[in-house]
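Below, each chain spelled out in residue letters.
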Amino acid sequence: MLYEWIKALHVISIIAWMAGLLYLPRLFVYHCEVAAGSDTSERFKVMERRLLRAIMNPAMIAAYVFGIGMIVLTPEWMKQGWLHAKLLFVLLLTASHMMMAKWRREFAEDRNTRPQRFYRIANEVPTLLMIGIVIFVIVKPF
Ligand code: HEM
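Residues numbered from 1 in each chain as written. Predicted model: local features only at pLDDT ≥ 70, side-chain atom pairs only at ≥ 80, totals over all residues. Heavy atoms only, no water.

Caption draft 1: Spotlight on the site of the ligand. Around the ligand, a shell composed of 22 residues is seen, among which Tyr3, Lys7, His10, Lys86 and Lys140 lie nearest. Here a nitrogen atom of the ligand and a side-chain polar atom of histidine 10 are 2.8 Å apart. In the model, an oxygen atom of the ligand is placed 2.6 Å from a nitrogen or oxygen of the lysine 140 side chain. Elements represented by at least two residues in the shell around the ligand include exactly helix H1 (2-31), helix H2 (39-73), helix H3 (81-108) and helix H5 (124-139). (Near = heavy atom within 4 Å. Polar contact = N/O pair within 3.5 Å; in protein donor to acceptor, adjacent residues only side chain to side chain. Helix = DSSP H or I, 4+ residues; strand = E, 2+ residues; numbered from the N terminus.)

Written as structure tokens, this is what we have:
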């Protein structure tokens, strides 16, 4: 039962994390359209800061805690190829989270120089990684 409870909490936390990873770049796309210092730009800064700090950061930490919890309860998982592939994609997902935190800081300091198109492409990276992660963990292809 304990394993199933941890897995349920793991899936809840990854859904919250993914929601933020898919929404924050979208906010950056619209933030590019407004003038630095404008009321709308200041509102985007508040939304981006709250999304990252109040949802994405805690959800990422919870996903790791519950994920590692399941590995501690089932150490033989660490010999499995699917988990190696999954953890590689999770590290890339974490790297994209860290990049978004850096870009958020640049918007907050009115220092963004990247075009909308950059953030539209950046928005696709977590989606592609998530597709790989879910296939690895549910299908366990190797
Ligand atoms: C953050 C580090 C992570 C670790 C250490 C981790 C580890 C694990 C482990 C050991 C399981 C149990 C597998 C099983 O019982 O069959 C699991 C289940 C799962 N993980 Fe993760 N995971 C992590 C992140 C993620 C992320 C980012 C996603 C999705 C984007 C994800 C999606 C899932 C899903 C959907 C399950 C349930 C699979 C099932 O019911 O069979 N995990 N995870």
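Back to the text.
Caption draft 2: Main features of the nonpolar core. Of all hydrophobic cores here, the largest spans 24 residues; its most connected members are Trp17, Leu21, Leu24, Phe28, Met56, Leu93 and Met100. Residue assignment for this core shows that the elements contributing at least two residues are H1, H2, H3, helix H4 (116-122) and H5. Filtering out sequence-adjacent residues up to four positions away, methionine 56 remains in contact with Trp17, Gly20, Leu21, Leu24, Leu51, His97 and Met100. (Core = buried A, V, L, I, M, F, W, Y, C linked by side-chain atoms within 4.5 Å. Buried < 20%, exposed > 50% of the residue type's maximum accessible area, 1.4 Å probe, protein only. Contact = heavy atoms within 4.5 Å.)

Caption draft 3: Main features of the environment of proline 141. Its place among the elements puts proline 141 in the segment after H5. With 58 residues separating them along the chain, proline 141 and leucine 83 place their C-alpha atoms 10 Å apart.

Caption draft 4: Region of the structure containing the side chain of histidine 97. In this fold, histidine 97 is placed in helix H3. Within the local environment of histidine 97, its side chain forms a polar contact with the side chain of tryptophan 17, the two groups lying 3.0 Å apart. The contact partners of histidine 97, leaving out residues within four places of it in the chain, are Trp17, Leu21, Leu52, Met56, Asn57 and Met60.

Caption draft 5: Up close: the packing of aromatic side chains. Evaluation of the coordinates by the stated rule reveals ten aromatic pairs. Ring centres of phenylalanine 107 and tyrosine 119 lie 5.5 Å apart, and the angle between their planes is 50°; this geometry places the pair in the tilted category. Here phenylalanine 107, found in helix H3, pairs with tyrosine 119, found in helix H4; they are twelve residues apart in sequence, far enough to count as distant. The exposure class assigned to tyrosine 119 is buried, which follows from its relative accessible area of 0%. Joined through ring pairs, the aromatic side chains of Phe28, Trp103, Phe107, Phe118 and Tyr119 make up one cluster. (Phe/Tyr/Trp six-rings, centres within 6.5 Å; stacked < 30°, edge-to-face > 60°.)

From the geometry alone we can't say anything about function, so treat these as descriptive.
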